[in-house]
Every structure is written in structure tokens, then in C-alpha cells.
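If you want the building blocks of each chain, they are given just below.
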Amino acid sequence: MSTAWTSRYAQRTRTVKSSAIRELLKLTQRPDVISFAGGLPASELFPTDRFRMACCKVLEEQPQLALQYGATEGYEPLREMVARHIARYGIKARSENVLLTSGSQQALDLIGKLLINPGDRVLVEAPTYLGALQAFSVYGAEYVSVPSDENGLCSELLEAPLRSGPKFMYVLPNFQNPGGTTLSEGRRHPLVRLADKYGVPIVEDDPYGQLRYEGEHLPPLVVIDRENLRRDSGYSIGNVIYLSTFSKTIAPGLRLGWIVAPPEVISKLVQLKQGADLHTSTFVQMVAYEVARDNFLDEHVKLIRRVYRERRDIMLRSLEEFFPPEVSWTRPMGGLFLWVTLPEGLDAQKLFETALRQNVAFVPGDSFYAPNGNHHDALRHMRLNFSAASPEQIREGIRRLSFAVKQQLQEMHPAHSVRR
Ligand SMILES: Cc1ncc(COP(=O)(O)O)c(C=O)c1O
């Protein structure tokens, strides 16, 4: 007798839907499609020669260590390197505060496992990172959404949601995915103070912080938490868990990220990670260490910044050139994305279908809103990635996308003329 699998699935699987982005990516992988959909780094910038040398070195010098099981906490030299690396942003951590994970996506899953009971509410930005919603929803999370604008999460709207007792808040302060917005310094301080006042821990997700193309670096929430609130040195009683990743600075295929947290939180996360995968690949961690060492990572990030800044500027210029005046967009100071707002009445889902017929793709904005919220505006947005396509493709893709927008506008207001 064949098993009726679906009737055997655990209740928690009911909230799990395939990621809209992953499904879309399948369609957009056709070579004739110019895709602004994924969050892919520019693959031509991957340091492949350096990887080749690093792999050889690891296999020649330490093959038995590299191919053996390792500690769940991670490869010690890499933990120390991460601790040194984040010190430049004022984050005081020792290696015992660092847990290496299989991408920061695993970090989000482990945090969900650690903190969320079914029905617990998580305070999130509207919009927020879709992968975090996916990770938290499996554990039965419900959401309290707080709007964000061009200065990031609206801290002046935080008090009532915090008072309602969420289990923690999940915040993306730098070059947010999907909005491309940055939480202003003026909002960072009250956010940290209010979270402390209401005893709500903060999970600060910062995959893009190093990819700043203009302006000054702003202090991470984890640093403000320690300094403003005069906490003990280091991480002993901090209110913030900080996440980052090598995905955007070295290569996402490594699947290598990290969590920085107080030691007692790291110990518990280690137990949970053991159940998930014992540890992140030893070989991958050792190769990443060899790739990043001797200042290579810093030099490489400079190159990435130069290339992405140019692509961002081309996308912004093309939007100015081709898009109708009724449409607006964010001007990100870093990261990989910008966020387009369509005039009332336009529907980004429908636009996606029209755009795909023109061989150009993006992600419709509604994917990035927590379920059950009142996000009536969600369908008026689209997320555009500017890191993966070449400058020529960006200009051409925006030109094609503008046809789709103008076509929809014309359908709404037949008097509107479509310029080609
Ligand atoms: C905000 C955010 N957090 C986490 C991740 C996951 O990154 P990783 O590749 O390290 O798993 C991403 C990936 O795009 C992201 O945008």
C-alpha cells in the first residue's frame, strides 16, 4: 500500500509555502531573460583563482583536519577572524561569542528554533526579508509588523507593538532586503532604548553592511545597545543577537554565515545546531579562512563596492530616463536592491507576467510582507536587484520594464500614451 504522505506531514508544515522567489527564479533562468529578481551577487567577481589556491593549500597542508568532523561552534581560526573583523565596527566579541553557521539562513532557522513557541509574535519590518518569515513561520510564529520608510523602521511607531509583548524583534538596519533602505542613526538609538525598556531582544541581520557605496558607516544596534545602556563589557548581558554572512562578500555557494551572541545563547544554539547538521562543513570553513586571510577580503570588498555602485547608478539613471513620473523608488546607499512603488491601482503581480513576456523579471513586493497583516499597499511594489546583471542588461531591462509599466498605466487610463 502506498503511503498518503501529505496526511503524515507534521502540523508545522502547513504554514510552509515554497518561496515565491525560488519559484520565480526557475522561470527567470532562461538566458534571454534579464533578471532583477534574485539576490545574486555578480558571479564574475567570485575570486576563483584565490579559491583554487586555497583548496589546494588546505588539502596539501591539513587534509585530515579538513575532511574530518569538526566542532559545532566552527573552525577556531575562522571564529577568531570573524571576531577581529567585526571589531572594526565596534562590535566587541571574542571567538566564544561566534557560532559559524551554514549561511545566515541557518542562523535564522536556529534562532526560530531557540526562541519561538507556536503562537509567539515576532516584531518585523513591513516589508522584511522573506527568508526570515519562512524560517520563523515553521516554528508557528505570528507577526507584528511595523512600517518602514526611507529611513528604515519607523521607531516612533514602535512603542505600542513592543508593549504588546513580542518574543523578539527582527531588524535589518543596513540596505534592507527588500527596501534598500537604511535605518537612520536618529532612529537606531530610540529603537534600542525602547527594546530594552520593554525587555524585547533584537535580532540584527546585517548581510549587506560592508557593501556601502556612499555615506558614513552607522553604528550597529549591538554596539548602541552596549554603549548607550552602559552594559557590561563585551557580550555578557547584551540584548542583541547579531548575524552576518560571507555570502555577499566572498560567495553564497560557500553557505557560510555567523551568529554573534552572549556565550550562554551560543551554547544553546550549539546544541540546536548539532541536531540540524552537527557542524558546518570543515573543508568549506578552512577554505574560506584561506581565501579571506592576509587582507584579501578587504581588498575584494573594495572591488565589489566599486562594481555594484556603478550598477546601482546605472539602474537609477535608467529608471529616471525610462519610467513614467508616477512611479517612485528608493535610492539605496548600499546593498543589492532597490524598491519601486507603483501608482495606486497598478498590480505588481500582473506587471510581473507582462514583464516576463518582455523577458525581464523582478520580484513582486507582496512576497515580503508578513502574513495576516493589513498590507493593502503590498502589490504596488517591486524589488529590483542591481548586482547580478551587466550595465548593458540593466539599462535594457529597465527600458523593457518601463513598457510593461506604461502598458498597465494605459490600461488604467486609456488617454495615457505609451512612449517606445
Ligand atoms: C537579509 C538577509 N538575511 C539572510 C540572508 C541569507 O543569507 P545566506 O546566504 O548567508 O544564508 C539573506 C540572503 O539574501 C538576506 O538578504
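These numbers were taken from a predicted model, which means no experiment stands behind them.

Visitor: I'm lost on the overall build of the protein in this one. Help?
Guide: Of the regular secondary structure elements, the protein holds 15 helices and 14 strands. Computed over the C-alpha atoms, the radius of gyration of the protein is 22 Å, within 12% of the 22 Å expected from 2.2 N^0.38 for a compact globule of 420 residues. Oriented by its inertia axes, the alpha-carbon framework of the protein measures out at about 65 × 65 × 55 Å. Every one of the 420 residues in the protein was classed for burial, and the buried ones make up 55%.

Visitor: Where do I start with the nonpolar core in this structure?
Guide: Nonpolar side chains tend toward joint burial in soluble globular proteins. With 103 residues, the main nonpolar core has M169, L191, F323 and L384 as its most contacted residues. With ten residues, the single largest contributor to this core is helix α13 (residues 296-322). If near-sequence neighbours (up to four positions away) are discounted, M169 is found in contact with L123, L158, L162, L191, A195, V200, P201, I202 and V203. In terms of nonpolar packing, the next biggest core, distinct from the first, is built from 28 residues, Y143, L172, V265 and I266 among them.

Visitor: What exactly am I supposed to notice about the site of the ligand here?
Guide: Among the 13 residues in the neighbourhood of the ligand, the closest are listed as S104, D205, Y208, T245 and S247. A distance of 2.9 Å is found between an oxygen atom of the ligand and a backbone nitrogen or oxygen belonging to Q105. In the model, an oxygen atom of the ligand is placed 2.7 Å from a nitrogen or oxygen of the R255 side chain. Starting from 390 Å² of accessible surface for the ligand in isolation, the protein chains cover 93%. Here the element with the most residues in the shell around the ligand is helix α6 (residues 103-115); it accounts for three residues. Residues of the shell around the ligand, tallied by class, amount to four nonpolar, six polar and three charged.

Visitor: How do you make sense of the pattern of salt bridges when you look at a structure like this?
Guide: A side chain with one charge can pair with a side chain of the opposite charge if their charged atoms come near. Going through the model one piece at a time under the given rule, you end up with 23 salt bridges. For R88, the salt bridge goes to D298, with nearest N and O atoms at 2.9 Å. Residue R88 is located in the loop between α5 (76-87) and β2 (98-101), and its partner D298 is located in helix α13; the two are separated by 210 residues in the primary sequence. Using a relative accessible area of 45% as the deciding quantity, one classes R88 as partly exposed.

Visitor: Quick question: what am I supposed to make of the pairing of strand β14 (residues 381-385) here?
Guide: Note on strand geometry: in a regular strand, side chains alternate between the two faces of the sheet. Within β14, five of the five residues are buried, which leaves it mostly tucked inside the rest of the structure. Taking every second residue as pointing to the same face, both faces of β14 are buried, with H381, R383 and N385 on one and M382 and L384 on the other. Bridge count for strand β11 (residues 337-341) against β14 is five bridges, and the pairing is antiparallel. Considered in β14, the bridge of W339 is made with R383.

Visitor: Explain the packing of α5 against helix α12 (residues 282-292) to me, please; I cannot follow it from the model alone.
Guide: How two helices sit against one another is set out by the angle between their axes and by the gap between those axes. With their axes 9 Å apart at the nearest point, α5 and α12 run at an angle of 45 degrees to one another. Viewed along their axes, α5 and α12 adopt a mutual orientation that is oblique. By crossing handedness, the relation of α5 to α12 is classed as left-handed. Contact with α5, carried on its side by P77, L78 and M81, involves Q285, Y289 and A292 of α12 and no other residues of that element.

Visitor: What is the right way to read the sheet that holds strand β13 (residues 363-364) from this model?
Guide: Strands pair in a sheet through their backbones, by hydrogen bonds, and they do so in one of two ways: parallel or antiparallel. Read from one edge of the open sheet, four strands run β10-β11-β14-β13, paired in antiparallel fashion. Of all the strands in the sheet, just β10 (328-329) and β13 have a single pairing partner and so form its edges. Of the strand pairs in this sheet, β13 and β14 are connected by two bridges, and their pairing is antiparallel. Pairing of V363 across the sheet is with R383, part of β14.

Visitor: Help me understand the environment of H376, please; the structure alone is not making it clear to me.
Guide: Residue position: H376 is located in the loop between β13 and β14. In the structure, H376 is positioned ten residues away from D366 in sequence and 9.4 Å away in space, judged by C-alpha atoms.

Visitor: Sorry if this is basic, but what is going on with the side chain of T330 here?
Guide: Residue placement: T330 occurs in the loop between β10 and β11. Since its relative accessible area comes to 15%, T330 is described here as buried. Of the polar contacts made by the side chain of T330, one reaches the backbone oxygen of G179; its length is 2.9 Å. Contacts of T330, omitting those with residues within four sequence positions, involve G179, T181, L316, L338 and W339.

Visitor: Explain the packing of aromatic side chains to me, please; I cannot follow it from the model alone.
Guide: One pair of aromatic rings is described through two measures. These are the centre distance and the angle between the planes. Inspection of the entire model under this criterion finds ten aromatic pairs. When the centroid spacing of 6.2 Å and the interplanar angle of 90 degrees are considered together, the rings of F323 and W329 count as edge-to-face. A single burial state applies to F323 and to W329, both of which are buried. Chaining the aromatic ring pairs together yields one cluster made of F136, F168 and Y170.

Visitor: What am I meant to see in unusual backbone geometry here?
Guide: Leave glycine aside and you will find that most residues have negative phi; peptide bonds, for their part, are mostly trans. Residues A126 and P127 are joined by a peptide bond in cis, for which omega reads 5 degrees. Secondary-structure assignment places P127 in the loop between β3 (121-126) and α7 (130-137). The amide bond that connects N177 to the next residue, P178, takes the cis arrangement and shows omega of 20 degrees. Relative to the elements of secondary structure, P178 occurs in the loop between β6 (168-171) and α9 (185-197). Of note, F175 is a non-glycine position whose phi angle comes to about 50 degrees, a positive value. Among the secondary structure elements, F175 is positioned in the loop between β6 and α9.

The rules behind these values
- Residues numbered from 1 in each chain as written.
- Predicted model: local features only at pLDDT ≥ 70, side-chain atom pairs only at ≥ 80, totals over all residues.
- Heavy atoms only, no water.
- Helix = DSSP H or I, 4+ residues; strand = E, 2+ residues; numbered from the N terminus.
- Rg over C-alpha atoms; globule rule 2.2 N^0.38 Å.
- Buried < 20%, exposed > 50% of the residue type's maximum accessible area, 1.4 Å probe, protein only.
- Core = buried A, V, L, I, M, F, W, Y, C linked by side-chain atoms within 4.5 Å.
- Contact = heavy atoms within 4.5 Å.
- Near = heavy atom within 4 Å.
- Polar contact = N/O pair within 3.5 Å; in protein donor to acceptor, adjacent residues only side chain to side chain.
- Areas by Shrake-Rupley, 256 points an atom, 1.4 Å probe, with all protein chains shown as cover.
- Nonpolar A, V, L, I, M, F, W, Y, C, P; charged D, E, K, R; others polar.
- Salt bridge = Lys/Arg side-chain N within 4 Å of Asp/Glu carboxyl O.
- Pairing = 2+ DSSP bridges.
- Axes fitted to C-alpha atoms, helices over the stretch in contact; angles between N-to-C directions.
- Parallel < 35°, antiparallel > 145°, perpendicular 65-115°, else oblique.
- Left-handed = near helix turned anticlockwise from the far one by under 90°.
- Phe/Tyr/Trp six-rings, centres within 6.5 Å; stacked < 30°, edge-to-face > 60°.

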